[in-house]
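A structural walkthrough
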Amino acid sequence: MKITIQNIEFSYNGVPALENVNNRFEKGDFVALVGPNGSGKSTLIKCLNGILKVQKGAVLIDEKSIQSFAPNELAREIAYVPQSENKKAILNVFDIVLLGRKPYINWKPARHDLKITSEILSILHLDHLAMKDFNKLSGGQQQSVYIARALAQEPDILLLDEPTANLDIKHQVEVLEILKNLSQKGITIIIALHDINTAIRYASKIMMLKDGKVFACGGMETITEKNIENLYDIKVKIIRDDNQVFIIPNGL
Ligand code: ADP
Ligand code: MG
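Here's a quick rundown of the structure. In this text, all values refer to a predicted model and were calculated from it rather than measured experimentally. (Residues numbered from 1 in each chain as written. Chains lettered and ligands numbered in written order. Predicted model: local features only at pLDDT ≥ 70, side-chain atom pairs only at ≥ 80, totals over all residues. Heavy atoms only, no water.)

1. As for the pattern of salt bridges
What counts here: What makes a salt bridge here is a side-chain nitrogen of Lys or Arg within 4 Å of a carboxyl oxygen of Asp or Glu, nothing more. For the exposure calls, accessible area comes from a 1.4 Å probe over protein chains only, and a residue counts as buried if that area is under 20% of its type's maximum, exposed if over 50%, partly exposed in between. In DSSP terms, a helix is any run of H or I states spanning at least four residues, a strand is any run of E spanning at least two, and both are numbered starting from the N terminus.
Counted by the stated rule, this structure contains 11 salt bridges. The residue Glu26 makes a salt bridge to Arg24 at a minimum N-O spacing of 3.0 Å. Given the relative accessible area of 45%, Arg24 is considered partly exposed. Between Asp113 and Arg101 there is a salt bridge, with its nearest N and O atoms 2.9 Å apart. Remark: Arg101 occurs in the loop between helix H3 (93-99) and helix H4 (111-123) and Asp113 occurs in helix H4; sequence separation between them is 12 residues. Taking relative accessible area as the criterion, Asp113 reaches 5% and is therefore assigned buried. Where salt bridges share partners, they join Arg101, Asp113 and Glu154 into one cluster.

2. Considerations on the site of ligand 1
What counts, and what does not: Proximity is defined per residue: if any heavy atom of the residue lies within 4 Å of a molecule or strand, that residue is considered near it. Polar contacts, as counted here, are pairs of nitrogen or oxygen atoms within 3.5 Å of one another; within protein the pair requires one atom able to donate a hydrogen and one able to accept it, and residues that are adjacent in sequence qualify only if both atoms are side-chain atoms. For accessible areas, the Shrake-Rupley method is used with a probe of radius 1.4 Å. Any residue's cover is judged against the shown protein chains and nothing else.
In the neighbourhood of ligand 1, the contacting residues comprise Tyr12, Ala17, Pro36, Asn37, Gly38, Ser39, Gly40, Lys41, Ser42 and Thr43. The contact in question runs from an oxygen atom of ligand 1 to an N or O atom on the backbone of Ser39, over 3.2 Å. Expressed as a share of its isolated accessible area of 560 Å², the protein-covered part of ligand 1 is 55%. Counting residues per element, the shell around ligand 1 draws most heavily on helix H1 (residues 41-48), at three residues.

3. Considerations on H1
Across the eight residues that make up H1, a large majority, six, are buried. Taken residue by residue, H1 has Lys41, Thr43, Leu44, Ile45, Cys47 and Leu48 as its buried positions.

4. Considering the sheet that holds strand E4 (residues 56-61)
Convention followed: Pairs of strands are assigned from DSSP output, requiring at least two bridges between the strands.
Pairing is antiparallel across the open sheet formed by four strands, whose spatial order is E2-E1-E4-E5. Only two strands of the sheet have a single partner each, and these edge strands are strand E2 (15-25) and strand E5 (64-65). One ladder, built from five bridges, connects strand E1 (residues 3-12) with E4; its direction is antiparallel. Opposite Gln6, over in E4, you have Ala58 as the bridge partner.

5. Some thoughts on helix H6 (residues 169-184)
Which entries qualify depends on this criterion: Under the convention used throughout, the expected extent of a helix is 1.5 Å for every residue step, that is, one less than its residue count. Throughout, a contact is declared for two residues whenever any of their heavy atoms are within 4.5 Å.
End to end, H6 covers 22 Å across 16 residues, agreeing with the expected 22 Å (1.5 Å per residue, within 8%). Considered for burial, the residues of H6 that qualify are Glu174, Val175, Leu176, Ile178, Leu179, Leu182 and Ser183. Each element contacted by the buried residues of H6 is listed here: strand E3 (30-34), H4, helix H5 (139-152), strand E7 (157-161), strand E8 (188-192) and helix H7 (196-202). For H6, the side-chain oxygen to backbone nitrogen distance between the N-cap and Lys170 is 3.1 Å, and the N-cap itself is Asp168. Gly186 occupies a position one or two residues after H6 and carries a positive phi of about 105°.

6. Quick word on unusual backbone geometry
The phi dihedral of His125 is positive, around 55°, even though this residue is not glycine. Turning to its location among the elements, His125 is positioned in the loop between H4 and H5. Classification of His125 by relative accessible area gives partly exposed; the value is 48%. Backbone geometry places Glu162, a non-glycine residue, at a positive phi of 45°. By relative accessible area, Glu162 is classed as buried at 11%.

7. Digging into a nonpolar patch on the surface
The test is simple: Patches in this entry comprise residues that are over 30% relatively accessible and not in a salt bridge; like charges within 9 Å are linked, as are nonpolar side chains (Val, Leu, Ile, Met, Phe, Trp, Tyr) within 5 Å.
Together, Ile239, Phe246 and Ile248 line one region of the surface with nonpolar side chains, adding up to about 220 Å² of accessible area. For Phe246, a relative accessible area of 34% translates into the label partly exposed.

8. As for the nonpolar core
In summary, soluble globular proteins display a tendency toward joint burial of nonpolar side chains. What counts here: Residues enter a nonpolar core if they are buried and are Ala, Val, Leu, Ile, Met, Phe, Trp, Tyr or Cys, with the set joined through side-chain atoms within 4.5 Å.
Leu158, Leu179, Ile189 and Ile223 are the most contacted members of the largest nonpolar core, which totals 54 residues. Top element by residues in this core is H5. It accounts for seven residues. Those residues in contact with Leu158 that sit more than four places away from it in its chain are Ala79, Val81, Ala150, Leu151, Leu179, Leu182, Ile187, Thr188, Ile189 and Ile190. In terms of nonpolar packing, the next biggest core, distinct from the first, is built from 28 residues, Ile45, Ile61, Tyr80 and Leu209 among them.

Read these as geometric descriptors, not functional statements.
Quick look at the structure:
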C-alpha cells in the first residue's frame, strides 16, 4: 500500500502545527519521523490515520482519501500505536491483543482470530503474560502489548509514536528488528523516533520535521552535520564506521 501526504495543514485552535507537508511512501518503506520536541511528529501520525482531520490537503491510501474509508475498513489498512502514557485497562493481555481483530469480527471472534492473537503474542515473546492483568505490567511490557494489538489488525501501514521510549535496550532492539522484518514483508512502517541514531540504523527513509514543516526527507544523504545541527540547534559530529553512522552531540 502506498500512502500519499498531499499538502496537508493542521492547526490546533488556529495555531499551525503542520504546514505544507507533502510526501509519498511506498509499500515496505520504513520511515522514521525525527525532529525536536513539538516539531509535529505526533500530530502528523494522527493526521495519517484520521484521528485528526486535516484542515487542508489530504491523505491518500493508494488513490483513496482516508476520509472515504469506513472505520473498520480503515482499521484493516492502518494500525496505530500511540505514544505511551499511563494506560489503564481491566483486561488481560490476550484480550487486549484480540481487540486488534475487531475490524474483522462480526459478533464473536472466530478460531482464526484466536490463532492470530496467539501467534502474535508468541512473536513478541508475550505468551507468558497472556493471562496477566494489563494494569500489573511494566510500562515497557504494556507498550509491547499495544504493538501486538496493532499487529493483530494485520495492517498494511503501521504507525508508531515513539514506541521504544519505555523499553530497555534489549526490548528496543527486539521491537525494531520485528518492525524491520515487517517492512521487508511489505508493511509500510512510519515511526516517530526521538533517537536519531536509532532512526539512522533502522529506517530506509528519514523525514525531518521542524516547526511543523518538512525540513528534509530522503535516505542517508540527508544525514549531514549541517542538517542535524540545523534541525536540533546543536553542534554534532558524525562518525562513520564501516557501514554504520553515529551522531554524537558536540555542545550547543
Ligand atoms: P512532537 O510529537 O514532534 O513532539 P506534536 O505533534 O506533539 O510534536 O506537537 C506539535 C505542536 O502542536 C507543538 O507546538 C504542540 O505544542 C502543539 N500541540 C500538540 N498537541 C496539541 C493539543 N492537543 N492542543 C494544542 N496544541 C497542541
Ligand atoms: Mg510526540
